Amino acid sequence: MNHISTFRTDWINSSPVYYNSRTKRVSCNMLDVIDWNNFEFDMEGLYNYLSFGYQVFEQTPIKDVKFLRHSSILTVHETDNTDLRLEIREEPDPIDVYVGKSSSEEEAIMHLQQHVAAFEGESRERHVQKRFLLPLSGGYDSRLLATLIQDKSRIDAITYDISLSEKYSFEVVRAHEVSTRLNINWEQISLDQYWNSDYVQRNFDTFGLEMPIHASYHFELYDKINQMKGKDFIVLSGSVGDWWSGEKIPLSVPKNHLDFGSLFFNHGISISSDFIEVKTDHAIKREIFEKNAQRLKEDRLFRIVFARRGRIGLASYIFRTASLFYETYTPFYDLTVAMSQLNMPQSRRTDRVWLRDFFRRNGLDLENDAGHIKPVSDDNVLDVKTMRKTLTRNDLLDPKYFKGIVTTRRIEWINDMIMKVRFIPFPLLIVVSNLSYRIDSAAHRLSLRSIFGKGFDYIYCRAFKTREIAKAISEWSLLKPLELVQQRAFGKNQFRR
């Protein structure tokens, strides 16, 4: 028996490995292992994809197509009669040695600093000509990376805006302020094409049915950076940093096998069970629940890591998409870095107090800095604006692909809501919004209380139903890959199930 190839997954499963249990094909791209001549949905995998908003539990929506567990090794062998055989070895869970341990925030900061310093040292030796590209949102994770990098002159920070009023949004105001205080080069980039059919297809070709069409805006982002700045960069990614530093929402222990939603958040990118027509006995979920219920209840560290592993597909795309364009670095996939934060006293992790104190000591506690002009716009209309610019009728969902999957009335609602973007006068709204926030910003500088800008947000959101449209776009982005995979399997004009 000859050894053909070996595949490994890390402790968090940050880069999945797919295999077909029947054909024995293995690849890091899900689409490569689908048997297109014998295409069939896996009912529980499909239900889970719809209800969670991404694939979970080593299942996919496609029959016989699975992904490898974390901390595992898959070896492909060729037998004497040239058949393929897969050998899967699940290694001990590396987090087990950290259970019951404790760490201090000084240790957590030390591990971060050492990791970043080692990266900087290696980059000086191997990539001295490359600059560091930092997508800077103004949030804690990218701000932390910007603080820890010692050679600030090597960083080019970029920010894309999500609101109507670009100059006054959370991302832009805080990213600009962080860059100013750290003396980092900074630039704002506009995105407005990522829902077009080319980007949607690139997203699908790269990620298949792992998750919604969720990385297309990163494809546009790095395309623009390539055109504007070239390729001599290493991307600094803050991906999943917030998973370890604290808990925004406490993780609830599932009551039963149908209650994993208490652990696996999806930002509203899912289909309600009221509209799912897929029938399944939920056998895999039941098995997973029975196997882990007691430990989920008793072991806080395991509960957090279990939850993060479950939704890694909806987060790792940030790092993985950047890696398609540039060498990419993050300290947050490192086991020691993660565990040193997870094992800090809970009182310091709650609301990320330890990290706020770190920023305060480094002059970057913008949230509590009275001298910092606070952003006044945080309404995310980027998806809606972009859909308005790129929408064609060909982008709408075709109900024939969703019979027996999602109710026709929900497909019609999604299409109807998306078509409403044609009637939103964004050019006028942007002018009025910027004027409103300019007044609001002046009021903030004078220490006056003003709600003019936020009042305008409320008015246009209610008048044009932008939040309902954004929800429809989220569901569209989840269902579009299911349409594309069936078109590839059956052809656009020869649909069958």
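Our structure's up above, just so we're on the same page.
Attention in this report is confined to the structure presented alongside it. (Residues numbered from 1 in each chain as written. Predicted model: local features only at pLDDT ≥ 70, side-chain atom pairs only at ≥ 80, totals over all residues. Heavy atoms only, no water.)

### A closer look at the pattern of salt bridges
All chains considered together, the criterion is met by 27 salt bridges. With a closest N to O distance of 2.7 Å, Arg410 and Glu475 form a salt bridge. Of the two residues, Arg410 sits in helix 15 (residues 408-419) while Glu475 sits in helix 18 (residues 466-490), which places them 65 residues apart along the sequence. Considered together, Arg410 and Glu475 belong to a single accessibility category, that of buried residues. Note that Glu483 is salt-bridged to Lys480, the shortest N-O span being 2.9 Å. Residue Glu483 and its partner Lys480 are located together in helix 18, separated by three residues, close to a single helical turn. Grouping residues by exposure puts Glu483 and Lys480 together as buried. Overlapping salt bridges, with partners in common, bring together Glu105, Arg348, Asp357 and Arg360 in one network. (Salt bridge = Lys/Arg side-chain N within 4 Å of Asp/Glu carboxyl O. Helix = DSSP H or I, 4+ residues; strand = E, 2+ residues; numbered from the N terminus. Buried < 20%, exposed > 50% of the residue type's maximum accessible area, 1.4 Å probe, protein only.)

### Describing the sheet that holds strand 10 (residues 233-236)
Taken in spatial order, the five strands make up an open sheet running 9-8-7-10-11, and their pairing is parallel. Of all the strands in the sheet, just strand 9 (185-189) and strand 11 (327-329) have a single pairing partner and so form its edges. On average, each strand axis in the sheet is tilted by 30° relative to the strand beside it, whichever way the strands run. Bridge count between strand 7 (residues 131-135) and strand 10: three bridges; the pairing is parallel. Across the sheet, residue Arg131 finds its bridge partner in strand 10, namely Phe233. (Pairing = 2+ DSSP bridges. Axes fitted to C-alpha atoms, helices over the stretch in contact; angles between N-to-C directions.)

### Observations concerning the packing of aromatic side chains
Counting across every chain of the model gives 30 aromatic pairs. Taking 5.2 Å as the distance between ring centres and 40° as the angle between the ring planes, the aromatic pair formed by Phe119 and Phe132 counts as tilted. Residue Phe119 is found in helix 2 (residues 105-126), and its partner Phe132 is found in strand 7; the two are separated by 13 residues along the sequence. With centroids separated by 6.3 Å and ring planes inclined at 80°, the aromatic side chains of Phe260 and Phe289 adopt a geometry described as edge-to-face. Of this pair, Phe260 sits in the loop between helix 7 (241-245) and helix 8 (283-298) while Phe289 is found in helix 8, placing the two residues 29 residues apart along the sequence. Judged by relative accessible area, Phe260 falls into the buried class, the value being 1%. Overall, the relative accessible area of 16% leaves Phe289 in the buried class. The ring of Phe359 carries Arg143 above its face, with NZ or CZ at 5.0 Å from the centroid. (Phe/Tyr/Trp six-rings, centres within 6.5 Å; stacked < 30°, edge-to-face > 60°. Lys NZ or Arg CZ within 6 Å of the ring centre and 35° of its normal.)

### Here's the deal with the packing of helix 14 (residues 382-390) against helix 18
Each pair of packed helices can be summarised by the angle the axes make with each other and by the distance between the axes. Following both chains from N to C, one finds helix 14 and helix 18 inclined at 75°, their axes separated by 9 Å at the closest point. Considering their axes alone, helix 14 and helix 18 lie roughly perpendicular with respect to each other. Residues Asp383, Val384 and Met387 of helix 14 form the contact with helix 18, whose participating residues are Thr466, Ile469, Ala470, Ile473 and Trp476. Taken together, the residues that form the contact of helix 14 with helix 18 break down as six nonpolar, one polar and one charged. (Parallel < 35°, antiparallel > 145°, perpendicular 65-115°, else oblique. Contact = heavy atoms within 4.5 Å. Nonpolar A, V, L, I, M, F, W, Y, C, P; charged D, E, K, R; others polar.)

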